[in-house]
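Each chain, letter by letter, is given below.
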Amino acid sequence: MTAPAARPVPRTDADPAWLPPEAFRALGSRRVLVCGTGDLTDTVHGEVDAACAEFGGTAVRAAVADHRPYDRPYDLVLRLDGTADGTAGGAEHRADDEAFTLVRERGRTTVSGAGGRGLLHGLFHVVRLGEAAFGADRPPVTHRPALATRMLNHWDNVAVHPVMGQVERGYAGGSLFWRDGRARGDLDRVRAYGRLLAACGINAVCVNNVNVHTTEAHLLTDRIGEVAALADALRPYGIRAHLSVTFAAPLVLGGLGTADPLDASVRAWWAAATARVYAAIPDFGGYVVKADSEGQPGPFAYGRSHADGANLLADALAPHGGTVYWRAFVYNHRQDWRDRTTDRARAAYDHFVPLDGAFRDNAVLQVKHGPVDFQPREPVSPVIGALPRTRIAVEVQATQEYTGQQRHVCALAPMWSEVLGFRPGAGASPTVGELARGGLVAVSNAGDDPYWTGHPLAQANLYAAGRLGARPGADPHAVLDEWIELTFTPDTCPDPERLRAGLRAVLRGSWRTYEKYTAPLGVGFMVQPGHHYGPSADGYEYSPWGTYHFADRDGVGVDRSRATGTGYAGQYAEPWATLYESPATCPDELLLFFHHVPYGHVLHSGTTVVQHIYDTHFEGVAEAAAARDIWTSLAGLMDGARHARVAERYEEQLRGAREWRDHINSYFFRKSGVPDARGRPIH
Ligand code: GCV
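The structure displayed is predicted, hence computed values, not measured ones.

A.B. asks: Requested: an account of the domain arrangement of the protein, with residues and values cited.
C.D. replies: Taken domain by domain, the protein comprises domain 1 (21–143), domain 2 (150–487) and domain 3 (515–558 + 596–672). Distance between the C-alpha centres of domain 1 and domain 3: 47 Å.

A.B. asks: Before we move on, can you summarise the packing of aromatic side chains with the specific residues and values?
C.D. replies: Taken as a whole, this structure holds 27 aromatic pairs when the rule is applied. Ring centres 5.1 Å apart and planes at 55° place the aromatic pair Phe329 and Tyr331 in the tilted group. Summarising the burial analysis for this pair, Phe329 and Tyr331 share the class buried. Aromatic ring contacts, followed pair by pair, group Phe422, Tyr568, Tyr572, Trp576, Tyr580, Phe593 and Phe594 into a single cluster. Lying over the aromatic face of Phe329, Lys368 brings its terminal NZ or CZ to 3.4 Å of the ring centre. Over the face of the ring belonging to Phe593 we find Arg560, whose NZ or CZ atom lies 4.2 Å from the ring centre.

A.B. asks: Before we move on, can you summarise the site of the ligand with the specific residues and values?
C.D. replies: As a structural note, the neighbourhood of the ligand is formed by 15 residues, with Glu168, Lys290, Arg327, Lys368 and Glu401 the closest of them. Between the ligand and the protein, one listed contact pairs an oxygen atom with a side-chain N or O atom of Arg169 at 2.9 Å. Within the side chain of Glu401, a nitrogen or oxygen atom sits 2.6 Å from an oxygen atom of the ligand. Here the residues of the shell around the ligand sort into 4 nonpolar, 3 polar and 8 charged.

A.B. asks: I'd love a proper account of the sheet that holds strand S12 (residues 204–206), names of residues and values included.
C.D. replies: Strand order in the closed barrel formed by 8 strands is S7-S12-S13-S14-S15-S16-S17-S18, with parallel pairing between adjacent strands. The mean angle between the axes of side-by-side strands here comes to 25°, regardless of whether they run parallel or antiparallel.

A.B. asks: Describe the UniProt feature "domain: Glycosyl hydrolase family 67 C-terminal" (unreviewed entry) in the protein, with residues and values.
C.D. replies: What UniProt calls "domain: Glycosyl hydrolase family 67 C-terminal" (unreviewed entry) maps, in this numbering, to residues 453–680. Split by type, residues 453–680 is 50% helix and 2% strand. Its first and last C-alpha atoms lie 37 Å apart.

A.B. asks: Summarise the pairing of strand S2 (residues 58–62); cite the residues concerned and give the values.
C.D. replies: Pairing geometry for strand S1 (residues 31–35) and S2, over 5 bridges, is parallel. Among the inter-strand pairings, Val34 is bridged to a residue of S2, identified as Arg61. One crossover worth recording links S1 to the parallel S2 by way of helix H2 (residues 39–55), and it is right-handed.

A.B. asks: Please set out the packing of H2 against helix H3 (residues 116–129) residue by residue, giving values where relevant.
C.D. replies: Viewed as axis vectors pointing N to C, H2 and H3 meet at an angle of 20°, and their least axial separation amounts to 8 Å. Here H3 runs roughly parallel to H2, going by the angle between their axes. Regarding H2 and H3, the two cross each other, and that crossing is left-handed. Counted together, Leu40, Thr41, Thr43, Val44, Glu47 and Val48 of H2 and Gly116, Arg117, Leu119, Leu120, Leu123 and Phe124 of H3 form the full contact between these two elements. Split into classes, the residues belonging to the contact of H2 with H3 amount to 7 nonpolar, 3 polar and 2 charged.

A.B. asks: Lay out the packing of helix H4 (residues 188–200) against helix H13 (residues 459–470) in plain terms, naming residues and giving numbers.
C.D. replies: Interhelical geometry of H4 versus H13 gives an angle of 50° and a closest axis separation of 7 Å. Looking at the two axes, H4 sits oblique to H13. For the pair formed by H4 and H13, the contact residues are Tyr193, Leu197, Ala199 and Cys200 on the first element and Leu462, Tyr463, Gly466 and Arg467 on the second. Taken together, the residues of the contact of H4 with H13 sort by class into 6 nonpolar, 1 polar and 1 charged.

A.B. asks: Would you mind going over H13 in detail, with residue names and values included?
C.D. replies: Under the 1.5 Å per step criterion, the end-to-end length of H13 is 17 Å for 12 residues, consistent within 8% with the ideal 16 Å. Extensive coverage of H13 is indicated by the burial of 12 of its 12 residues. Gln459, Ala460, Asn461, Leu462, Tyr463, Ala464, Ala465, Gly466, Arg467, Leu468, Gly469 and Ala470 are the residues of H13 that are buried.

A.B. asks: Describe unusual backbone geometry, listing the residues and the values that go with them.
C.D. replies: A cis amide bond, omega 10°, links Glu574 with the succeeding residue Pro575. Within the fold, Pro575 resides in the loop between strand S19 (555–556) and helix H17 (576–581). You will see that Asp180, though not glycine, has its phi angle at about 50°, which is positive. Relative to the elements of secondary structure, Asp180 occurs in the loop between strand S10 (178–179) and strand S11 (182–183).

A.B. asks: For the pattern of salt bridges, give the residues involved together with the corresponding values.
C.D. replies: Tallying each qualifying case throughout the model produces 49 salt bridges. Residues Asp42 and Arg61 are paired through a salt bridge, measuring 2.8 Å at the closest nitrogen-oxygen approach. Of this pair, Asp42 sits in helix H2 while Arg61 sits in strand S2, and the two are 19 residues apart along the sequence. The exposure class assigned to Asp42 is buried, which follows from its relative accessible area of 16%. The exposure class of Arg61 is buried, given its relative accessible area of 8%. Between Lys516 and Glu623 there is a salt bridge, with the nearest N and O atoms lying 2.6 Å from each other. Placement of the pair is Lys516 in helix H16 (residues 510–517) and Glu623 in helix H19 (residues 609–633), with a sequence separation of 107 residues.

Conventions we followed
- Residues numbered from 1 in each chain as written.
- Predicted model: local features only at pLDDT ≥ 70, side-chain atom pairs only at ≥ 80, totals over all residues.
- Heavy atoms only, no water.
- Domains from an automatic or database assignment.
- Phe/Tyr/Trp six-rings, centres within 6.5 Å; stacked < 30°, edge-to-face > 60°.
- Buried < 20%, exposed > 50% of the residue type's maximum accessible area, 1.4 Å probe, protein only.
- Lys NZ or Arg CZ within 6 Å of the ring centre and 35° of its normal.
- Near = heavy atom within 4 Å.
- Polar contact = N/O pair within 3.5 Å; in protein donor to acceptor, adjacent residues only side chain to side chain.
- Nonpolar A, V, L, I, M, F, W, Y, C, P; charged D, E, K, R; others polar.
- Pairing = 2+ DSSP bridges.
- Helix = DSSP H or I, 4+ residues; strand = E, 2+ residues; numbered from the N terminus.
- Axes fitted to C-alpha atoms, helices over the stretch in contact; angles between N-to-C directions.
- UniProt positions renumbered as here; feature names shortened; annotations may be inferred.
- Right-handed = clockwise from strand over helix to strand, strands pointing away.
- Parallel < 35°, antiparallel > 145°, perpendicular 65-115°, else oblique.
- Left-handed = near helix turned anticlockwise from the far one by under 90°.
- Contact = heavy atoms within 4.5 Å.
- Expected span 1.5 Å × (residues − 1).
- Salt bridge = Lys/Arg side-chain N within 4 Å of Asp/Glu carboxyl O.

Structure follows, in structure tokens:
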């Protein structure tokens, strides 16, 4: 039998990120057998071939049926299980297809993939283990991603939007997928992206912005071929393409007079349109929908519920195995700031909890991790634990819209891990990571920048999104360490321990540092309106967006208690409802999210609110300066261009941190009239 062909590893000028050639050294210097057929097995074979060519090993390929190669002395066998098929499979995400078993015995490491994706994940697991994959014996262990869907949402516009640019909230150049109003012709970069994503565990990508403008709406119909080309480029890495669609598609594209989800012609239109999508992309994952949100059309226009809306699309997708990811980000963005009874934080719960049990099995409710909008600190959304009969996906934001816009270092794995480990119920009830049966979705931070993410250290956020989706309970610092080992390959560095220690020091605490010098104690939204970079304490205070902090001369914060406030605290189950209800028990870091308190209110930490604001802002700047100095000291331990790019961004981070400190401290000093107890300059 002729052995099937290897798929060449995509070559681009972009940074290799967490897959530099050195990361393959242990594997590439071995005798490796790849056993099986199918598209993804061809990918695995290509990886092994390239690694062996680089590091002097040997790569052999055999079909599944051929058992003879096992008699030969291989160090590593990567094979499909018995009857498994090494292709990318159908439209449905099934964690079982992605499982692999790794064992090391009698001098041989064997990885058996339950399917093509499992084999690919197994390969990258061996890459992560490095030499350890070829050391002591290991009993068989089966690895299976905890969440079946680990998806990236790209907020990419096909055409450059006059206000939002090509990538909405994008800080890494143009789109990876779209250029000059069309899908890119040269898709090598997309293939290389798919490869990186597969290596960190992502298995789904939505290729366009959830704000669907007219040009982008056409991707569903007459421009589906462009989506198909992207899907073809991603498929060999086990990644399914998804599309954001507009709820108004039957009107905008179909020429119907309505988009009412209960109208028979609308249902027929979606069924036919979806059938054409599957004719072009047989393993298409499904639709992502932002409806009745920030101006996007939705079922409310027809007096229908969001379950009616989601089920319309779920029914169209069901015959093909697809899923609709329906976003719960529904709130009134035309609020009157004088009306203190309306609370944006309450909105998703109020809209969706009454609909629990009304969604189809292939409808997933995609919920932002916090109740407002990806602030540096928010409580976990109460929606996540409140719909036991609905599949929930948790949405996090890798693109650093409110966390420094990839000019500041802000490693988000520790934040996401806190969210995923939170237990919305009492005692040993399930964690958010366990409740997220619909998956983990991250808004992507990647673009066509040579480092993928603008700031080279922001790659760690992309990496962590995949790894935490596969293992929500993983230690976030271990995930960062993994990224460091792969990306910086310290084994090839003159002082590996100093490099590791330096990278850990600048990454691990960076989120808390960022939190310290920006908006305090969970109050959020003190950013400049529109672009959301830099401080503006009152930037959104008198606006319609529902993002207020109510600072006055006496105090600050939003009263969301049941007793005297908006009642939001009551959306939590116990013990949280009671804990958040009172300033006496509310955790310090969320105090101003839940309560309006006087500046002299004493925190659990023993300091007053206003003194805490001053202290943390001074500390945050000092920590940013210390991180910058550590970074400076790492020159010579990595490639110069990467070091220089980060060094340059640290200068901006430090400038920005000082601006935040002076703006926020002065604001609260002027409001409260309370001087800093330590006499530091406040302007
Ligand atoms: C894609 C925030 C962002 C918007 C984004 C929206 C969303 O409001 O500022 O740019 O729109 O979230 O998640 O839909």
